[in-house]
Amino acid sequence: MAGESSSSPAMITGERVVVAVVVSRVLLSLPLSLISHGFSLFLLCLSAFLIELRAESSPFLLSPFTPRRGASSGILLGAVTLPSVMMSKLVQLTRAISLHQAEQDELAHVTMQYWAASASCCAILIYLSVVMSQGKKKNESSSSSVWLTRVSLTGTVLYGAACFVSLSIISHTGLNTSLKMLWMLLHGLAAVKLIRHLLRTFPSCASIGEALLVTSGLVLYFGDFLACTIAKICEKLIPVDLVSISYGIRRTETGIIVQGLLLGLLLFPMVFRFALHIYESSLRKRDGRPRNCSETAKSVLFFVSLLLFMVVAVPSWMQFVHDFQQHPFLWVLTFVFSEPLKRLSLCLYWVLLIVVAVSRFYNISRGSKVERILLRKYYHLMAVLMFLPALVLQPKFLDLAFGAALAVFIVLEIIRIWRIHPLGDPLHHFMNAFTDHRDSDLLIVSHFSLLLGCALPIWMSSGFNDRALSPFAGILSLGIGDTMASMVGHKYGVLRWSKTGKKTVEGTAAGITSMMAVCYVLVPVLASMGYILSQGWWSLLVAVTATGMLEAYTAQLDNAFIPLVFYALLCL
């Protein structure tokens, strides 16, 4: 069954069947203009399937890495999730262009985003194939190895051809196409470098598939940041239609602030490490002997560096690259107080809900015998109470609030990992009360994944969106479907999907039914507020059912994969 490791794993598992259904649904929705894109997605899916099959039949081949215990490799799911999401966005934009509600430049930009995501995944698959080839042993048949190598090589060549054809269509000259192919290659090289770093720096924190998804997403996000910066500094180095700021896409101020804030915090550990190294070197020169930084000095250096970097350096980048007319933090204050009653009331509601819920669940987790995974589902329900009203009533403010909340989580996690005095140790003990088997002492990811799972569909729905339910993908799949599946399955579940797994048929049925019921209630509410509703109920049922089955079969981090898969299906 899916998600379970064994010495002779089955070729067809529940997770692979669900992935095949999702990819097939995406491919069958493609217009003729996206056939080359669809062919590349098929090749990526086939290559990922073969590599996953080889990795799980011979686990020693990936011995250089230490993936998370209890999870399958997840290579297939990790490789196709983000490209499938970008493909669905392309389908949606194609409809918009046919209705004259979007420009060709915007389609070209998302096309570049699709190829960047798929190139990152393809490069990681090639890297994994090379690692497995180097680690093969005598008990693996040479004919099987040669056959898989030939198939992978053929798929790579065909993928490159499909990429070249697609980029040639949206380019004006041969040089333009070559530069774009080079840009895709750089994405692939960066993805390989990053996934090696993640798997070796954070052992036992993620499966291969989870690391693949995170890597491709980060490379895509940083790639956009880098392209915008380079284009602003020297526009002649990159063709004008390579970066989104030249596409004529109007980025919102909220989107600019969130991107700068998150990327700045992800880069901050390197900045702090550099500052700490300089400080310790100065101590060594002064005293003439090696000296480590004291806890107090380290703490002061951390907070001073964080303040300067986030208040001076990052806002300066926003103002330089995106022509921000005022300091971003001043813009945030102006934005919040433009509707003070609604937005401050919403903030107060969130704070009260968080304080009450966290204190209550923390006490329960310390003195209750309730299973940790079940207890954590109450946080999913809390996410519904927090985000659903805000998404309906204040969607723009929720965009900004998600960025601020994620920034706070990143700062707290950095403090916990570095054990910054005086918050590091108390934070570590507090966060351990909410962990489960998918977290480790080195890195706690569950709170990140829940927040991102709810936020990403909302952020990706900016611009043209003719599927009113797509922004709700994370809230519906995690807050409603996943929660009901766990609670009903735990209390009433009898029929299990596998002999060794915990997921039950009753729980899955409850999750699917609850999501459909909430959609049935939500649709007329959105219609009354002027939202465009163009999605059929059969299409919605397919999306909800596929999402529910993925939750039942996957052993990957469901908070990360389920919202993205559901969002991709809703966009079709």
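To start, this report covers the structure provided alongside it. Because the structure is a prediction, the values reported are computed rather than measured. (Residues numbered from 1 in each chain as written. Predicted model: local features only at pLDDT ≥ 70, side-chain atom pairs only at ≥ 80, totals over all residues. Heavy atoms only, no water.)

1. Some thoughts on the overall build of the protein
Which entries qualify depends on this criterion: Every helix listed is a DSSP run of H or I at least four residues long, and every strand listed is a run of E at least two residues long, numbered separately from the N terminus. Classification of residues uses two cut-offs on accessible area relative to the type maximum, computed with a 1.4 Å probe and protein chains only: under 20% is buried, over 50% is exposed, and between them is partly exposed. Only heavy atoms enter the contact rule, under which two residues are in contact if any of them lie within 4.5 Å. Surface accessibility follows the Shrake-Rupley procedure with a 1.4 Å probe radius. Residue values consider only the protein chains on display as shielding.
From N to C terminus, the protein includes 19 helices and 0 strands. Per-residue burial for the protein yields a buried fraction of 54% across its 572 residues. When contacts within the protein are restricted to residue pairs at least 6 apart in sequence, those whose partners lie at least 24 apart make up 77%. Carbon and sulfur atoms make up 68% of the accessible area of the protein, which amounts to about 26500 Å² in all.

2. A word on the nonpolar core
The cut-off we apply is this: The nonpolar core is taken to be a set of buried Ala, Val, Leu, Ile, Met, Phe, Trp, Tyr and Cys residues, with the residues joined through side-chain atoms within 4.5 Å.
Ranked by size, the top nonpolar core spans 161 residues in total, and within it Leu62, Leu128, Met184, Phe387 and Phe402 carry the most contacts. For this core, the element with the most residues is helix α4 (residues 104-134), which contributes 17 residues. Excluding its chain neighbours within four sequence positions, the residues that come into contact with phenylalanine 387 are Leu398, Phe402, Leu451, Cys454 and Ile475.

3. Quick notes on the packing of aromatic side chains
Just so we agree on the cut-off: Between rings of Phe, Tyr and Trp, where Trp is taken as its six-membered ring, a pair exists when centres lie within 6.5 Å; planes separated by under 30 degrees are stacked, by over 60 edge-to-face, and by other angles tilted. By definition, being over a ring means that NZ of Lys or CZ of Arg is both within 6 Å of the ring centre and within 35 degrees of the ring normal.
Tallying each qualifying case throughout the model produces 16 aromatic pairs. Ring centres of phenylalanine 335 and phenylalanine 397 lie 6.4 Å apart, and the angle between their planes is 35 degrees; this geometry places the pair in the tilted category. Linking phenylalanine 335 in helix α10 (residues 328-336) with phenylalanine 397 in helix α13 (residues 395-418), this pair joins segments that are 62 residues apart in sequence. In this structure, phenylalanine 335 and phenylalanine 397 share a single accessibility class: buried. With a centroid separation of 5.9 Å and 45 degrees between ring planes, the pair formed by tyrosine 520 and tryptophan 537 is classed as tilted. Of the two residues, tyrosine 520 is situated in helix α17 (residues 505-528) and tryptophan 537 in helix α18 (residues 537-553); the sequence distance between them amounts to 17 residues. Under the relative-accessibility criterion, tryptophan 537 is labelled partly exposed at 41%. Taken together through their ring pairs, the aromatic side chains of Phe268, Phe272, Phe302, Phe303, Phe309 and Trp418 make up a single cluster. Across from the ring centre of phenylalanine 335, 4.0 Å away, lies the NZ or CZ of arginine 343, which sits over that ring.

4. Observations concerning unusual backbone geometry
Following histidine 421, the chain continues into proline 422 via a peptide bond in cis, with omega recorded as 5 degrees. Of note, proline 422 is situated in the loop between α13 and α14 (424-432). The phi dihedral of histidine 100 is positive, around 60 degrees, even though this residue is not glycine. On the secondary structure map, histidine 100 appears in the loop between α3 (75-98) and α4. Positive phi is not limited to glycine here, since arginine 419 has a value of about 55 degrees. Residue placement: arginine 419 occurs in the loop between α13 and α14. Judged by relative accessible area, arginine 419 falls into the partly exposed class, the value being 33%.

5. Describing empty space enclosed by the protein
What counts, and what does not: The distinction between a cavity and a pocket rests on a 1 Å grid over the protein atoms alone: a 1.4 Å probe fits inside a cavity but cannot get out, while a pocket stays open yet meets protein on both sides within 12 Å along at least five of seven lines, and a residue with an atom within 4 Å of a point counts as lining. Grid points are joined across faces, edges and corners, and a volume is the space filled by probe spheres set on the points. Think of it as three bins: nonpolar holds Ala, Val, Leu, Ile, Met, Phe, Trp, Tyr, Cys and Pro, charged holds Asp, Glu, Lys and Arg, and polar takes everything else, Gly as well.
Overall, the coordinates contain 4 cavities of 30 Å³ or more when judged by the stated rule. For the second largest cavity, the calculated volume is near 70 Å³. As for the second largest cavity, its lining consists of Ser477, Gly481, Asp482, Ala485, Thr508, Gly511, Ile512, Met515, Thr547, Gly548, Glu551 and Ile562. Broken down by class, the residue content of the lining of the second largest cavity amounts to 4 nonpolar, 6 polar and 2 charged.

6. Some details on the packing of helix α15 (residues 446-460) against helix α19 (residues 558-571)
The condition that has to hold: Angular values range over 0 to 180 degrees, each being the angle between N-to-C directions of two axes fitted as lines to C-alpha atoms, with helices fitted over their stretch in contact. Under this scheme an angle from 65 to 115 degrees is roughly perpendicular, one under 35 degrees roughly parallel, and one over 145 degrees roughly antiparallel; angles in between are oblique. Here is the rule for handedness: rotate from the far helix to the near one, and if that takes an anticlockwise turn smaller than a right angle the crossing is left-handed, while a clockwise turn gives right-handed.
Relative orientation of the contacting elements α15 and α19 amounts to 15 degrees, with a least axis distance of 8 Å. Between α15 and α19, the angle is such that the two are roughly parallel. You can see that α15 and α19 cross each other, and the crossing is right-handed. Side by side, α15 and α19 meet where Ser446, Ser449, Leu450, Gly453, Leu456, Pro457 and Met460 of the first sit next to Asn559, Ala560, Pro563, Leu564 and Tyr567 of the second. Residue classes in the contact of α15 with α19 are distributed as 8 nonpolar, 4 polar and no charged.

7. Things to note about helix α8 (residues 253-287)
Filter applied, for reference: For a helix, the expected span equals 1.5 Å multiplied by the residue count minus one. One axis fitted to the seven residues ending at a residue, another fitted to the seven starting there: the angle between these axes is the bend at that residue.
With 35 residues, α8 ought to run about 51 Å at 1.5 Å a step, and its terminal C-alpha atoms sit 49 Å apart, in line with that. Maximum bend of α8: about 40 degrees, positioned at phenylalanine 268, with proline proline 269 one to four residues after it.

8. A closer look at the environment of leucine 541
Inspection of the secondary structure assignment puts leucine 541 in helix α18. When the C-alpha positions of leucine 541 and threonine 513 are compared, they lie 9.7 Å apart, and in sequence the two are 28 residues distant.

9. Points about the side chain of threonine 254
With respect to the helices and strands, the residue threonine 254 is situated in helix α8. Of the residues examined, threonine 254 reaches a relative accessible area of 9% and is grouped as buried. Residues in contact with threonine 254, not counting those within four places in the same chain, are Trp331, Lys396, Asp399 and Leu400.

10. Side note on α19
Over its 14 residues, α19 extends 20 Å from the first C-alpha to the last, a length consistent with the 20 Å expected when each residue adds 1.5 Å. The buried count for α19 comes to 13 of 14 residues, which makes it a mostly enclosed element.

11. Thoughts on the pattern of salt bridges
We apply this condition: Salt-bridge detection follows one rule: a side-chain nitrogen of Lys or Arg within 4 Å of a carboxyl oxygen of Asp or Glu.
Scanning all chains against the criterion turns up 10 salt bridges. Between lysine 342 and glutamate 339 there is a salt bridge; the shortest N-O distance is 3.9 Å. The class of glutamate 339 is partly exposed, set by a relative accessible area of 30%. Across the pair aspartate 425 and arginine 419 runs a salt bridge, and its minimum N-O distance is 3.3 Å. Through salt bridges with shared partners, a single network forms among Arg16, Glu52 and Glu56.

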